[in-house]
Amino acid sequence: MKKIAFLCVSFILLFCSACSNTKIPFTATEDNKESSQTGNKVSNTDVVPKDKLTYSNLDSELSIKEVQDILIKAGINTSYAGTVLNWVTDYNNCMRECPSFSLAGDFITADTMMVDYGEYPPMSVQWYKRNNRNYHDVLCRIVAYELNQDNISAGKVIKEEDFDCWDENTSWLSSDGEILFGREAVKGEHKAYVPFPLLDWDKDMQSEYFTLFNPIHIKGQCSEQEMFKAIQEKWNKQEISFRENAFSLITFWTQSSNRIFASHAATLIETDNGYLLFEKTNPQSPYVAAKFSSTNEVKKYLYNMMDLEYSRYNDQVGTYIILQNDKML
């Protein structure tokens, strides 16, 4: 789903002008519009409201500091947390004036388990026009892997030529490849994409990344259990394992034709008051840190956000599973 949205960027670059500086609120519901501007601020020591979304787009020093402290307290390497929060600051500085959304600074509480950040075209135009950018922003899987890399081990990595990223028309991870490796110029294109300049992974990390996230082939439409079994078999074959501690990798798996994919990825941290989910919501849309009182609320939020994205293209999520490391959430 996210690959489809990402492939429209080239078209947007050719035919769209720069974003207006006029801000408009979220486009989901009146509750979202109100809470995005006047929501109640919540500190890390407050009780997390149930069945409501307490979140921040980290567009304030206070929220950055709070999330940084939570990540590091959970055991995430200080360098990894600093790298990702630098990406957050870079993104927010570029996209703050995009008309598709209003960035939440300190934590606020919305009445619905969802925030609609709007359509891709204004985001894409803003990203490329602001500061004359000629590279993609990082996406959810890259952010999640950066934070979780010490938790993940792959004994048998796949070869570079088997990374599912080299064909922009057929590869599910083509956007991931463009971020990591860039893309060669093609006649008639606006410009060639260059790698994301704030990302510096060595070949071992790249190999582990694609071993973890490469699509998995499956016969026919599968059930939840069949999907889970296929992932287990693939990960066992590649000797993929996870450490268990206060933070974990969250992956949202869906199916398209005869392949299943990690359509979304995030990081879940267990806190004193519940859980914090940290994610890049989509390739061009904001970062989010969201607080929840239970994993059921985490699952509800993730499904609502995925369902919203699929519905933009008159599609449905279909069969899905959410994994916490290598176990069902």
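Before reading on, note that the structure itself is shown above.
This report concerns the structure included in the present document. Counting from 1, residues in each chain are numbered in the order their sequence is written. Since the coordinates come from a predicted model, pLDDT governs what is reported: local features require at least 70, and pairs of side-chain atoms require 80 or more to be given and counted, while whole-chain, interface and lining totals use all residues. The basis for every side-chain value is the complete set of non-hydrogen atoms in the structure, without hydrogens or water.

1. Concerning the packing of helix H5 (residues 78–95) against helix H7 (residues 140–148)
What counts here: All axes here are fitted lines through C-alpha atoms, helices being fitted over the stretch that makes contact, and every angle between N-to-C directions spans 0 to 180 degrees. Only DSSP runs of H or I with at least four residues qualify as helices, and only runs of E with at least two residues qualify as strands; both kinds are numbered from the N terminus onward. The scheme is simple: roughly parallel for angles under 35 degrees, roughly antiparallel for over 145, roughly perpendicular for 65 to 115, oblique for anything else. Throughout, a crossing is termed right-handed when the near helix is turned clockwise from the far one, and left-handed when it is turned anticlockwise from it by less than a right angle. Contact criterion: two residues are considered in contact whenever any of their non-hydrogen atoms come within 4.5 Å of each other. Each residue is assigned to one of three groups, with Ala, Val, Leu, Ile, Met, Phe, Trp, Tyr, Cys and Pro labelled nonpolar, Asp, Glu, Lys and Arg labelled charged, and all others, Gly among them, labelled polar.
At a closest axis distance of 8 Å, the pairing of H5 and H7 adopts a crossing angle of 155°. Classified by the interaxial angle, the pair formed by H5 and H7 is roughly antiparallel. With respect to the hand of their crossing, H5 and H7 are arranged in left-handed fashion. From H5, Tyr80, Ala81, Thr83, Val84 and Trp87 reach across to H7, where they touch Ile142, Val143, Glu146 and Leu147. Residues that form the contact of H5 with H7 fall into these classes: 7 nonpolar, 1 polar and 1 charged.

2. Some points on the packing of aromatic side chains
Each aromatic ring pair is described using two quantities: the centre-to-centre distance and the angle formed by the ring planes. What counts, and what does not: Think of it this way: a Phe, Tyr or Trp ring, Trp meaning its six-membered ring, pairs with another when their centres are within 6.5 Å, and the plane angle makes it stacked under 30 degrees, edge-to-face over 60, tilted otherwise. Categorising residues by exposure relies on relative accessible area from a 1.4 Å probe, with only protein chains included: less than 20% of the type maximum marks a residue as buried, more than 50% marks it as exposed, and the intermediate range marks it as partly exposed.
The final tally for this structure, using the stated rule, is 23 aromatic pairs. Between Tyr91 and Tyr287, the aromatic rings sit 5.9 Å apart at their centres with planes inclined by 75°, giving edge-to-face as the arrangement. Residue Tyr91 is located in helix H5, and its partner Tyr287 is located in strand S9 (residues 287–292); the two are separated by 196 residues in the primary sequence. With a relative accessible area of 0%, Tyr91 lands in the buried category.

3. Some words on the environment of Asn151
Selection rule: Under this definition, polar contacts are N or O atom pairs within 3.5 Å; protein pairs additionally need one hydrogen-donor-capable and one acceptor-capable atom, and for neighbouring residues in sequence, both atoms have to be side-chain atoms.
Residue placement: Asn151 occurs in the loop between H7 and strand S3 (152–154). Its relative accessible area of 2% is what places Asn151 among the buried residues. Along the sequence, Asn151 and Glu244 sit 93 residues apart, while their C-alpha atoms lie 7.5 Å from each other. Ignoring any residue separated from it by four or fewer positions in sequence, one finds Asn151 in contact with Ser241, Phe242, Arg243, Asn245, Phe247 and Ser248. A polar atom in the side chain of Asn151 sits 3.1 Å from the backbone oxygen of Phe247.

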